[in-house]
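# Tertiary structure, described
What follows is the residue order along each chain.
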Amino acid sequence: MSARESWRRLSRIVPLIVVGALLATMAGLGAGALVHPGDLAGSARYSLLAGFLLAIGLYGSTHEIDLGALRRDARGVLVAVTLGVVIKAALIAGVMLLVFRDARYLVLGIAVAQIDPLSVAAMRANSRMSARAKALMFAWASFDDPVTVLLSLYFSILAFRFSGREGAPQAGPSGDGLGAYLSDLGLNLTLVAAAYLLFVALRRLPAPGPKFAGTRVVGTAAERSAGTGGRSTDLLSLAVLVGVFLVAAQWMLMLAVALIGLFFRVGTYAKAIDRAVATAFLVASFALGLLLVDGVDLLPALVLGVAAFGAQALISLLVVPVLKHGLSRRDRVHLALGQQNGITAIILALALEPDFRGTVGIVAPAILVVNVLHYASNGVLNRFADDPPHPPAEEPGRPGTGAVPLGAPSAAGSGDGHPDPVPASQADACASVPGADPET
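Residues numbered from 1 in each chain as written. Predicted model: local features only at pLDDT ≥ 70, side-chain atom pairs only at ≥ 80, totals over all residues. Heavy atoms only, no water.

## A few points about a nonpolar patch on the surface
Residues Val86, Ile87, Leu91, Leu314 and Leu317 make up a contiguous nonpolar surface patch of about 400 Å² in total accessible area. In terms of residues, the nonpolar patch owes the most to one element, helix 4 (residues 74–100), which gives three residues. Residue class for Val86 comes out partly exposed when judged on its relative accessible area of 36%. (Patch = residues over 30% accessible without salt bridge, like charges linked within 9 Å, V, L, I, M, F, W, Y side chains within 5 Å. Areas by Shrake-Rupley, 256 points an atom, 1.4 Å probe, with all protein chains shown as cover. Salt bridge = Lys/Arg side-chain N within 4 Å of Asp/Glu carboxyl O. Helix = DSSP H or I, 4+ residues; strand = E, 2+ residues; numbered from the N terminus. Buried < 20%, exposed > 50% of the residue type's maximum accessible area, 1.4 Å probe, protein only.)

## Remarks on the packing of aromatic side chains
All chains considered together, the criterion is met by nine aromatic pairs. Between Tyr196 and Phe263 the ring centres are 5.3 Å apart and the planes differ by 80°, which places this aromatic pair in the edge-to-face class. Taken together, the residues Tyr196 in helix 8 (residues 177–203) and Phe263 in the loop between helix 11 (254–260) and helix 12 (270–291) connect sequence positions 67 residues apart. Ring centres of Phe199 and Phe263 lie 6.1 Å apart, and the angle between their planes is 65°; this geometry places the pair in the edge-to-face category. Residue Phe199 is found in helix 8, and its partner Phe263 is found in the loop between helix 11 and helix 12; the two are separated by 64 residues along the sequence. For the residue pair Phe199 and Phe263, the accessibility class agrees, reading buried in each case. Grouped by ring-pair contacts, the aromatic residues Tyr196, Phe199, Phe263 and Phe264 constitute a single cluster. (Phe/Tyr/Trp six-rings, centres within 6.5 Å; stacked < 30°, edge-to-face > 60°.)

## Some words on the packing of helix 2 (residues 44–62) against helix 12
Close contact between helix 2 and helix 12 brings their axes to 9 Å; oriented N to C, the two are set at 140°. Here helix 12 runs oblique to helix 2, going by the angle between their axes. Our pair here, helix 2 against helix 12, has a crossing hand that is left-handed. Facing Tyr46, Leu53, Ile56, Tyr59 and Gly60 of helix 2, the residues of helix 12 in contact are Ile273, Ala276, Val277, Ala280, Val283, Ala284 and Leu291. Its residues placed into classes, the contact of helix 2 with helix 12 shows eleven nonpolar, one polar and no charged. (Axes fitted to C-alpha atoms, helices over the stretch in contact; angles between N-to-C directions. Parallel < 35°, antiparallel > 145°, perpendicular 65-115°, else oblique. Left-handed = near helix turned anticlockwise from the far one by under 90°. Contact = heavy atoms within 4.5 Å. Nonpolar A, V, L, I, M, F, W, Y, C, P; charged D, E, K, R; others polar.)

## Here we look at the confidence of the model for the protein
Counting all residues, the mean pLDDT for the protein is 76, and 73% of those residues have values of 70 or more. In the model, residues 211–229 has pLDDT below 50 throughout and makes 15 contacts with residues more than four positions away in sequence or in other chains. Low pLDDT, under 50, characterises residues 388–440; the predicted model gives this stretch 96 contacts beyond four residues in sequence or across chains. (pLDDT = per-residue confidence, 0-100.)

## Details of the nonpolar core
Generally speaking, soluble globular proteins have nonpolar side chains that are buried together. Residues Leu54, Met254, Ile260, Phe264 and Leu350 are the most contacted members of the largest nonpolar core, which totals 87 residues. Look past the residues within four positions of Leu350 in its chain and what remains in contact with it is Tyr46, Ala50, Ala284, Ala287, Leu288, Leu291 and Val360. Counting residues in each nonpolar core, the second largest holds 16 residues, with Val79, Ile115, Leu136 and Leu327 among its members. (Core = buried A, V, L, I, M, F, W, Y, C linked by side-chain atoms within 4.5 Å.)

## Details of unusual backbone geometry
Although it is not a glycine, Arg101 sits at a positive phi angle of roughly 50°. Residue position: Arg101 is located in the loop between helix 4 and helix 5 (105–111). A positive phi is found at Met252, a non-glycine position, where the angle reads about 50°. Considering the arrangement of structural elements, one finds Met252 in the loop between helix 10 (228–251) and helix 11. Residue classification places Met252 among the buried positions, given a relative accessible area of 11%.

Now the structure itself:
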């Protein structure tokens, strides 16, 4: 599937996923009002389900990241992870702690700091941002998810301690002090090593040769390359991945899932990951509705949503000049108004609920506040800025210097009037970066 076809598919299915999530939330709310699930978040099965959904969503984010692109743009990655994620999360948490002086907001502020990659992917169809700005936004969002998840889980133990509570949170490292973090790190690295060894072993399984009918090879080249042996290996890889998710969910080893997503691939079953992420979104939305029966806390939700949206605007003023991407003024404003929340914020709220009761009742309406602010502000911007975006001028003698981070292809082409071809090895990576269309 070409990059253009992938983006068109995302533009079609993401709105359906969002509508489905809203319907699932309403269905969960209705079901909760009828059956009154009680202390649902206190059950062991709930924690396992929340961890499993979190692992699916986290893997769905990191498996789209191209390692070669990481090496090519280490500076851009560092800026995205520090200014784009860590400092923004610290700003949101700081505002919440200053206003409410409640230790749990240390993690609730982090939970809504991410920009939802699915929402950014859908944005390509109707946003007036340039292709370069869209690709930068998606690259930024791709790193938001794993870093936000890890910050939330590891800072949960600090929030636990600052609130004067004994024991350890279910979502964070078990134990106390530096030893707890080191032990958790060791378990995560062990799971990563086991997954890597299994992945290498599966890749080395011999694949059968092509099937022959007399002297003629049966099937097309594509069908033969994904023959029985290849599909069997990919299916085994998918089964191993499910096992990894279960282990990670049981002990909340999400650092391992984030690292495994960088190298563990399932080949011909890659589309199953997209379906799994969409299904996880629907299940999480239904569970969110079940918990919302207990009510919402509107004032903290309003402050949290405004703080998250404002922090994105402030941080974008620092990120764009550092990356020096030569974006137009309207692109920079769109990036400042780019905060959106989705599946990661929802699942994080579910995962944090057993340790910090009332999390769902604050985070869920905060997500609504963030998204309303996003669509309203971008709608106003598009209405009063009707001129089409102009591509920034390239430096003399250096076509494509404004290329987006993470290895997204430049739209400049080779200078012969035609865009440069995109190697097949980059097709899947390009498909994860809306706006980096090789044909534009």
